[in-house]
Every structure is written in C-alpha cells, then in structure tokens.
Amino acid sequence: MLPYLALAAVLFSAGLFGVLTRRNTLGILMSLELMFNAANINFVTFNKFISPDNMIGQMFAIFVVVVAAAEAVVGMAIVLLIYRNWQGVNVDNMRIMKW
Amino acid sequence: MVESNVGPVFYILAFLIIASAVMVVSLKNIFHCALALVMCLFSVAGIYILLNAEFLAAAQVLIYVGAVAVLMIFAIMLTTNLASRNIKQVTENALVSVFICALFCLGTIFLLWATPAKIWRYATESLPVDNTAIIGKYLMTEFVLPFEVVSLLLMAAMIGAIVLARKERS
C-alpha cells in the first residue's frame, strides 16, 4: 500500500508546485487536476487495502471525478470571460479585487 | 492479508505519472503541458486498474481524458496566442515553491515510512471481483441522494458555463 501513497504524495506535491508558480490560469487549473488525481489515488488505495468490504472509497473517488469535471467547465468559462475582458489569462494582470 | 508489494507495472506507471506531472508544471509551452496532462491522466487510469477499480479507470479515461483534457486544449487554443508561446510560465518565487513542495513531499513520505505497520489495520479479505456491480447498487441505494445532488450540480455547471461564456447582447 505504501508505494501507492508515496506516489500520490509526489503527484500532489507536483500539483501544489504548479498552483503556486504558474502564471497562466489554465496552467493553474491543470495543476489542480493533478492534485485531484492524487487524492483519488489515495481514496482507491485505502479502499482496496483497508476496507474492501464496502466500496465507500471508490464511490467517493467517482464523486470527486464528477465534481472536478463541473469545476473544470465553470473554470474554463471564467477563463474565457477573463480573456475577453483583459486580453490575457496571466494571473499577474488580475488585480481588480486587490485593495 | 492483501498482497501489498508491487510489480514492475506499478513502477513503469509511477515513472510515467511523475515524469508527466513534472512536465505539466514545468514546461514553457502551455499546449505541451496539456498533452503531458493527458499522459498523466492515462497513467493514473492504469494505476486504478492495478488497484482493481475498473469502473473508476473507465470513468477516468472517459471524463478526464475525453472531456476535461479536450476542454483544456480548447481553452488554450481560444485564449493563448501561439506566437507568444515561449513566454516565461512560472513566477519569480519558483525557488521558494520548489523548497516548500519538496519539504511537503519528503515530509509526507517520511510520515508514511515512519508509521508502524500495525496502525494501518490492513483488511484480511480482498476486494470483491464484481465491484462495478456493487458500485451500481450503491449508487441506487445508499448513495442515491449524493447521486441526485451531483446531477443537479452538473446541470448548474452547464447552465453557468453557458451564461458566463456567451456574448453580452447590447
């Protein structure tokens, strides 16, 4: 079980790095997907090795996938809107809500 | 006791996942990042198959690779002008982030390694072979309320995306 959890930790760290350092909004969204996948690997691993008699882990992973899809759709729409208003999707330019 | 050691397939998939994840967060061309993301998601589906979650692997390929990644590529093509594709993609505090993420990663792995094995309480039986059928049963019995809520969420996301992305008529 531990190799799977270690893999998920590495994947989550890569996603965290992307979220922290990317300038492109789409890059941030992609790194977010990496983090979702790391969490899902953890859910499925624990489901297999700790409690295989009920499938709660896999169910939770399925719901995570669905919610990630919904998040991606709304995120893309917001990115398109930002592009239309500012002619760019870099997060450096988005400081309209900054005091 | 479920068999816990992993074979060479796991190491191949893990190498693919980590390599493509690093490519996703470090490449300069955002389009190449999207392609690396597709490879990463495919390899995660392979990990799901190794973990006996066949339905989840199929859903991963259909939803992530088929829908989310294609959506990403569409959004990249709509928003990034490909002439300026070699702009610097990371902010100037990348070194600090590398430090933080390496610390997080090594800390987590150290915690995994340092945890005594008896704390985990490994299950004695293995996953049922027909777990896809069990998932279907769960979706219609115990999880029917989250199932309906999530379908409502998907419809709200669809309507929201249409409302957000259409042109203002004035």
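Residues numbered from 1 in each chain as written. Chains lettered and ligands numbered in written order. Predicted model: local features only at pLDDT ≥ 70, side-chain atom pairs only at ≥ 80, totals over all residues.

## A few points about the overall build of chain B
Alright, step 1. On a plain count of helices and strands, chain B comes out with six helices and zero strands.
Alright, step 2. Listed by position from the N terminus, the elements making up chain B come as α-α-α-α-α-α.
Alright, step 3. For 170 residues, the compact-globule estimate of 2.2 N^0.38 gives 15 Å, and chain B exceeds it by more than 25% at 21 Å.
Alright, step 4. Expressed as lengths along the three principal axes of its C-alpha atoms, the size of chain B is roughly 65 × 45 × 25 Å.
Alright, step 5. For chain B, the proportion of contacts with a sequence separation of at least 24, taken over those separated by at least 6, is 56%. (Helix = DSSP H or I, 4+ residues; strand = E, 2+ residues; numbered from the N terminus. Rg over C-alpha atoms; globule rule 2.2 N^0.38 Å. Contact = placed C-beta atoms within 7 Å.)

## Looking at the overall build of chain A
Alright, step 1. Across its full length, chain A carries three helices and zero strands.
Alright, step 2. Listing the helices and strands of chain A from first to last along the sequence gives α-α-α.
Alright, step 3. Since a compact globule built from 99 residues should have a radius of gyration of about 13 Å, the 17 Å found for chain A marks it as more spread out than a globular shape.
Alright, step 4. Over its C-alpha atoms, taken along the principal directions, chain A stretches across nearly 50 × 25 × 20 Å.
Alright, step 5. Sorting the 99 residues of chain A into buried and exposed places 52% on the buried side.
Alright, step 6. A sequence separation of at least 24 residues applies to 48% of the contacts in chain A between residues at least 6 apart. (Buried ≥ 20, exposed ≤ 12 C-beta atoms within 10 Å, placed from the backbone.)

## Describing the interface of chain A and chain B
Alright, step 1. Counting from both sides, the interface comprises 57 residues of chain A and, opposite them, 69 residues of chain B.
Alright, step 2. Of all the secondary-structure elements, those providing two or more residues to the side of chain A that touches chain B are α1 (2–21), α2 (25–49) and α3 (56–86) of chain A.
Alright, step 3. Among the elements that make up the side of chain A that touches chain B, the one with the highest residue count is α3(A) (20 residues).

## Examining helix α1 (residues 8–26) of chain B
Residue and element names in this part refer to chain B.
Alright, step 1. Over its 19 residues, α1 runs 27 Å from end to end, which matches the ideal 27 Å to within 8%, given 1.5 Å per residue.
Alright, step 2. Those residues of α1 lying buried are Leu 13, Ala 14, Ile 17, Ser 20, Ala 21, Val 24 and Val 25. Buried positions in α1, seen along its axis, are confined to an arc of 145 degrees and lie on one side of it. Exposed residues lying more than 90 degrees from the buried face of α1 are Pro 8, Tyr 11, Ile 12 and Phe 15. (Expected span 1.5 Å × (residues − 1). Arc of directions from axis to C-beta.)

## Brief notes about α3(A)
Alright, step 1. Taking 1.5 Å per residue as the helical rise, α3(A) with its 31 residues ought to reach 45 Å, and the 44 Å between its terminal C-alpha atoms agrees with that figure.
Alright, step 2. Where α3(A) ends, the next residue or the one after it, Gln87(A), has phi of about 55 degrees, a positive value.

## Quick word on unusual backbone geometry
Alright, step 1. Even without being a glycine, Asn52(B) presents a positive backbone phi close to 60 degrees.
Alright, step 2. Topologically, Asn52(B) is positioned in the loop between α2 (30–50) and α3 (54–79).

## Some thoughts on the nonpolar core
Alright, step 1. Leu11(A) and Leu37(B) are the most contacted members of the largest nonpolar core, which has 64 residues in total.
Alright, step 2. Elements supplying a minimum of two residues to this core: α1, α2 and α3 of chain A together with α1, α2, α3 and α6 (144–165) of chain B.
Alright, step 3. In terms of residues, this core owes the most to one element, α2(B), which gives eleven residues.
Alright, step 4. Of the domains in this structure, domain 1 (1–87) and domain 2 (128–170) of chain B are the two that each give at least three residues to this core. (Core = buried A, V, L, I, M, F, W, Y, C linked by C-beta atoms within 7 Å. Domains from an automatic or database assignment.)

## A word on the packing of α3(A) against α6(B)
To characterise two packed helices, one gives the angle between the axes of the helices and the distance between these axes.
Alright, step 1. Put simply, α3(A) and α6(B) touch, their axes get as near as 9 Å, and they point 10 degrees apart. Taken together, the axis directions place α3(A) and α6(B) in an arrangement best described as roughly parallel. Across the interface between the two elements, Phe63(A), Val66(A), Val67(A), Ala70(A), Val73(A), Val74(A), Ala77(A), Ile78(A), Leu80(A) and Leu81(A) of α3(A) pack against Pro146(B), Val150(B), Leu153(B), Leu154(B), Ala157(B), Met158(B), Gly160(B), Ala161(B), Leu164(B) and Ala165(B) of α6(B). (Axes fitted to C-alpha atoms, helices over the stretch in contact; angles between N-to-C directions. Parallel < 35°, antiparallel > 145°, perpendicular 65-115°, else oblique.)

## Points about the packing of α2(A) against α3(B)
Alright, step 1. Where α2(A) meets α3(B), the closest approach of the two axes is 11 Å, and the angle between their N-to-C directions is 170 degrees. As summarised for this structure, α2(A) and α3(B) are arranged roughly antiparallel, according to the angle between their axes. From α2(A), Leu26(A), Met30(A), Glu33(A) and Val44(A) reach across to α3(B), where they touch Leu56(B), Val68(B), Met72(B), Ala75(B), Ile76(B) and Thr79(B).
Alright, step 2. Residue composition of the contact of α2(A) with α3(B), by class: eight nonpolar, one polar and one charged. (Nonpolar A, V, L, I, M, F, W, Y, C, P; charged D, E, K, R; others polar.)

## Section: the confidence of the model for chain A
Alright, step 1. Per-residue confidence for chain A gives a mean pLDDT of 87; residues scoring 70 or more make up 99%.
Alright, step 2. Mean pLDDT in chain A bottoms out at α3(A), which sits at 88, and peaks at α1(A), which reaches 92. (pLDDT = per-residue confidence, 0-100.)

## Here we look at the environment of Phe60(A)
Residue and element names in this part refer to chain A.
Alright, step 1. Locating Phe 60 in the fold gives a position in helix α3.
Alright, step 2. Residue class for Phe 60 comes out partly exposed when judged on the 18 C-beta atoms lying within 10 Å of it.
Alright, step 3. Along the backbone, Phe 60 and Val 44 are 16 residues apart, and their C-alpha atoms lie at a distance of 8.8 Å.

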